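Structural characterization, general
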Amino acid sequence: MKKKIFSGVQPTGNLHLGNYLGAIKNFVDLNNDIQNECIFCVVDLHAITVSQNPKDLKSNIHETVATFVASGIDPKKSIIFNQSQVSAHSEAAWILSCVARMGWLNRMTQFKEKAGKDKEKASIGLYSYPVLMAADILLYDSTHVPVGDDQKQHLELCRDIAQKFNNDYKIENFFIVPEPLIKKEFSRIMSLKDGLKKMSKSEVSDLSRINLTDDKDQIINKIKKAKTDTLPLPSKIEELDKRPEAKNLIGIYSSLMNNTLQKTIDEFAGKNFSEFKEKLSEIVVNEINPISLKIKELLDDKVFLEKILKDGYEKANEIASKKIKKIHEIVGF
Ligand code: AQP
């Protein structure tokens, strides 16, 4: 049976190595498998859960599409589209928010992290974000959802919502309960400045992340300045638990080389970080530089990017409109 793949990326700028290794690189592998039908969505409705400058949002939508294509997603094979253009997402999100329970949402750790201490001032959209995410996924009868480890909890909530809707309205398998596709290793890339914090677009310091638009010199400089401890590289995997920055850099290296952690540790045990960082810079530059150059080239061709979004909208809208029509009937509208 064909797998139906759905995933989204927020057009909030600064797409980074964490987004690439945790999500986009998997999208490319899934796109390349002829057994899969893939839909990749630029989730701008999610982006506005925190304040966005409208001009930046528009250009970040283009940049996200350019990044998908530059990384190797083929728009002829996979659907690439913009969430806000397909109105069924907002409609389904409302209906599903009447199915989801407050208690479920209250457990979401990402809301707690993003809202911080001042959660009374956070938008309602930020709180109900996972319900919109469930709508995105369920509208397309998605069977598998490739995401980074940070989205695991939201996907579990999506499964709960799907099951509750099917039970409440007594329609078995109306919503497909999707499976997460989360890589076991290296699914959470951490900040280059703090091995305990996720690499993130919104982190103020640009030195904390490798952007997919960084050039060779920027990448080398950021890796040189990445935080490490004073010890040489470990010789045992267990040592990594107490050395988060070393663990992160070794993880990035392993992920890009398709190595196990053990293999990387065996290669560099006892060596100093300056030698390791040189090797790491080389492989990050080799992977990211062609993508970065391609993104810049694609961004000069807005007509091409808009055409991808238009074609994607037509295909996505056809699928989502049929599903939302059935949802209306089931609910009794
Ligand atoms: N650090 C990460 N490591 C692995 N995967 C990651 N993802 C994000 N950060 C990491 C995965 O990238 C996909 C797209 O993420 P998103 O655009 O929806 O936004 P996000 O998760 O909110 O990304 P950021 O960088 O953390 O943004 P801010 O700073 O706004 O919070 C998802 O599959 C995600 O798992």
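Since we're looking at a predicted model, the values are computed, not measured. (Residues numbered from 1 in each chain as written. Predicted model: local features only at pLDDT ≥ 70, side-chain atom pairs only at ≥ 80, totals over all residues. Heavy atoms only, no water.)

A few points about the packing of aromatic side chains
How we decide: Here the aromatic set is Phe, Tyr and Trp, taking the six-membered ring for Trp, and pairing holds for ring centres within 6.5 Å; pairs whose planes are under 30 degrees apart are stacked, those over 60 apart are edge-to-face, and all others are tilted. Secondary structure follows DSSP: runs of H or I at least 4 residues long count as helices, runs of E at least 2 residues long count as strands, and numbering of each begins at the N terminus.
The final tally for this structure, using the stated rule, is 14 aromatic pairs. With 4.5 Å between their ring centres and 15° between their planes, phenylalanine 27 and phenylalanine 40 make a pair best called stacked. Highlighted residues: phenylalanine 27 in helix α1 (residues 17-32) and phenylalanine 40 in strand β2 (residues 36-42), separated in sequence by 13 residues.

What to know about the pairing of β2
What counts, and what does not: Relative accessibility thresholds used throughout: buried, under 20% of the residue-type maximum; exposed, over 50%; partly exposed, between the two (1.4 Å probe, protein chains only). A pair of strands is considered paired only if DSSP assigns at least 2 bridges between the two. Seen with its strands pointing away from the viewer, a crossover is right-handed if its path from the first strand over the helix to the second goes clockwise.
By the criterion of burial, β2 is predominantly enclosed, with six of the seven residues buried. In terms of strand pairing, strand β1 (residues 3-9) meets β2 through seven bridges, oriented parallel. Within the sheet, the bridge partner assigned to lysine 4 lies in β2 and is glutamate 37. Following the backbone out of β1, through α1 and into the adjacent parallel β2, one traces a crossover that is right-handed.

Focus: the domain arrangement of the chain
To keep it simple, the criterion reads: Residue ranges for the domains trace back to a domain assignment, done automatically or taken from a database. The contact criterion used throughout is that any non-hydrogen atoms of two residues lie within 4.5 Å. As used here, buried area is the combined drop in accessible area, with a 1.4 Å probe, of two parts when they are placed together. Each reported salt bridge corresponds to a side-chain nitrogen of Lys or Arg within 4 Å of a carboxyl oxygen of Asp or Glu. Residues are sorted three ways: Asp, Glu, Lys and Arg are charged, Ala, Val, Leu, Ile, Met, Phe, Trp, Tyr, Cys and Pro are nonpolar, and all the rest, Gly among them, are polar.
Domain boundaries assigned for the chain yield domain 1 (3-187 + 302-331) and domain 2 (206-297). The C-alpha centroid of domain 2 is placed 29 Å from the C-alpha centroid of domain 1. Opposite the 16 residues of domain 1 that make contact, domain 2 presents 18 residues. Summing both sides of the interface, domain 1 and domain 2 together bury roughly 1,500 Å²; the carbon and sulfur share of this comes to 70%. Where domain 1 packs against domain 2, one counts zero salt bridges. Counting only elements with at least two residues in the side of domain 1 that touches domain 2, the list comes to α1 and α3 (54-71). Tallied by class, the residues present in the side of domain 1 that touches domain 2 amount to eight nonpolar, four polar and four charged.

A closer look at helix α11 (residues 261-268)
Quick note on the threshold: As used here, the arc is the angular range of directions from the helix axis to the C-beta atoms.
Where α11 is concerned, the buried positions are Leu261, Thr264, Ile265 and Phe268. Projection of α11 onto a plane perpendicular to its axis shows the buried side chains occupying an angular sector of 100°, all on one side. Here the buried face of α11 lies against α10 (244-257) and α12 (273-299).

Side note on α3
For clarity, the cut-off: Multiplying 1.5 Å by the helix residue count minus one yields the expected span of that helix.
For α3, which comprises 18 residues, the first-to-last C-alpha distance of 26 Å matches the rise-based estimate of 26 Å (1.5 Å per residue) to within 8%. Of all the residues in α3, the buried ones are Leu57, Asn60, Ile61, His62, Thr64, Val65, Ala66, Thr67, Phe68, Val69, Ala70 and Ser71. Immediately downstream of α3, the backbone of glycine 72 shows phi near 125°, a positive value.

Quick notes on the nonpolar core
Here is the rule: Here the nonpolar core consists of buried residues drawn from Ala, Val, Leu, Ile, Met, Phe, Trp, Tyr and Cys, with membership extended through side-chain atoms lying within 4.5 Å.
Residues Phe68, Ile252, Phe276, Leu280 and Val284 are the most contacted members of the largest nonpolar core, which totals 58 residues. The residues that make up this core include at least three from each of domain 1 (3-187 + 302-331) and domain 2 (206-297). Apart from residues lying up to four places away in sequence, valine 284 is in contact with Ile210, Ile219, Ile223, Ile252, Leu256 and Asn289. Residues Leu105, Val131, Ile137 and Ile161 belong to the second largest nonpolar core, which totals 45 residues.

With respect to the pattern of salt bridges
A complete count under the given rule lists 20 salt bridges for this structure. A salt bridge links aspartate 150 to lysine 198; its shortest N-O distance comes to 2.8 Å. Taken together, the residues aspartate 150 in the loop between β4 (144-146) and α8 (152-168) and lysine 198 in the loop between β5 (179-181) and α9 (216-225) connect sequence positions 48 residues apart. Judged by relative accessible area, which is 24%, aspartate 150 ranks as partly exposed. The partner of aspartate 241 in a salt bridge is lysine 247, and the shortest N-O contact between them spans 3.8 Å. Assessed through its relative accessible area of 38%, lysine 247 is described here as partly exposed. Taken together, the shared-partner salt bridges in this structure form one network comprising Asp206, Arg209, Asp214 and Lys222.

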